[in-house]
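# Topology and contacts: notes
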Amino acid sequence: MKIGMMSAWNQTSGVSIHAELVGKEWVKAGHSLKVFSFLEEDFHGHALIGTDEEYVIRCFGTPMRSNYLNPIPFLKEDYDFFVVQDPGMLPRDKLAKIFHHIKKKARTILSEDVHKPV
């Protein structure tokens, strides 16, 4: 299975920890993974930690800083499933402009922050 995941990665945030635990298990199980994550200069969390794996592409920023998104990796990479983690920290307006292309090629899954008050 080919999986694309848009999430924090190698960062000091709960979302990053969750994404890494799940993503690395997918890789161990033999699935192909592409992680689309925050730019090094505009990330979600307090610091970047670790070294990115070869399947990590840093191609967007937070909406509070740059509100940047490079659409090319999302459109170019091949994946059957597209997982979005913590959409509140993503440049949603930019993602919305290309999301119809993503939905044409992949099933989409949204993972909300479970710690938000209801």
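A brief report on the enclosed structure follows.

About the cut-offs
Residue positions are given per chain, counting from 1 as you read along its sequence in written order. Per-residue local features are limited, in this predicted model, to residues with pLDDT of at least 70; the limit for side-chain atom pairs, both in listing and counting, is 80 or more; totals at the level of whole chains, interfaces and linings are taken over all residues. As a rule here, side-chain values come from all non-hydrogen atoms in the structure, and water together with hydrogens is ignored. By definition here, a salt bridge exists when the distance from a side-chain nitrogen of Lys or Arg to a carboxyl oxygen of Asp or Glu is within 4 Å. In these notes, a set of buried Ala, Val, Leu, Ile, Met, Phe, Trp, Tyr and Cys residues joined through side-chain atoms within 4.5 Å is what counts as a nonpolar core. Classification of residues uses two cut-offs on accessible area relative to the type maximum, computed with a 1.4 Å probe and protein chains only: under 20% is buried, over 50% is exposed, and between them is partly exposed. A run of H or I in DSSP becomes a helix once it reaches four residues, and a run of E becomes a strand once it reaches two; helices and strands are each numbered from the N terminus. Contacts: residue pairs with any heavy atoms within 4.5 Å of one another. Given a helix with a known number of residues, its expected span is that number minus one, times 1.5 Å.

## Quick look at the pattern of salt bridges
Inspection of every chain in the model, using the stated rule, returns 7 salt bridges. Arg-58 is the salt-bridge partner of Asp-52, the closest N and O atoms lying 2.6 Å from each other.

## Some thoughts on the nonpolar core
Counting 20 residues, the largest nonpolar core has Met-6, Phe-36, Phe-60, Phe-74 and Phe-82 as the members making the most contacts within it. Elements represented by at least two residues in this core include exactly β2 (32-38), β3 (56-60), β4 (81-85) and α3 (92-105). Other than its neighbours up to four places away in sequence, Phe-82 contacts Gly-4, Met-6, Phe-36, Phe-74, Phe-99, Ile-102, Ala-106, Arg-107, Thr-108 and Ile-109. Membership of the second largest hydrophobic core comes to 9 residues, among which are Met-5, Trp-9, Leu-33 and Tyr-55.

## Looking at unusual backbone geometry
Positioned with a positive phi, Asn-67 is a non-glycine residue whose angle comes to about 50 degrees. Along the chain, Asn-67 falls in the loop between β3 and α2 (71-76). Phi at Asp-86 takes a positive value of approximately 55 degrees, unusual for a residue other than glycine. Its relative accessible area of 9% is what places Asp-86 among the buried residues.

## Some thoughts on α3
Helix length check: α3 (14 residues) gives 19 Å between terminal C-alpha atoms against 20 Å at 1.5 Å per residue, within 8%. Where α3 is buried, its residues contact β1 (2-6), α2, β4 and β5 (107-111).

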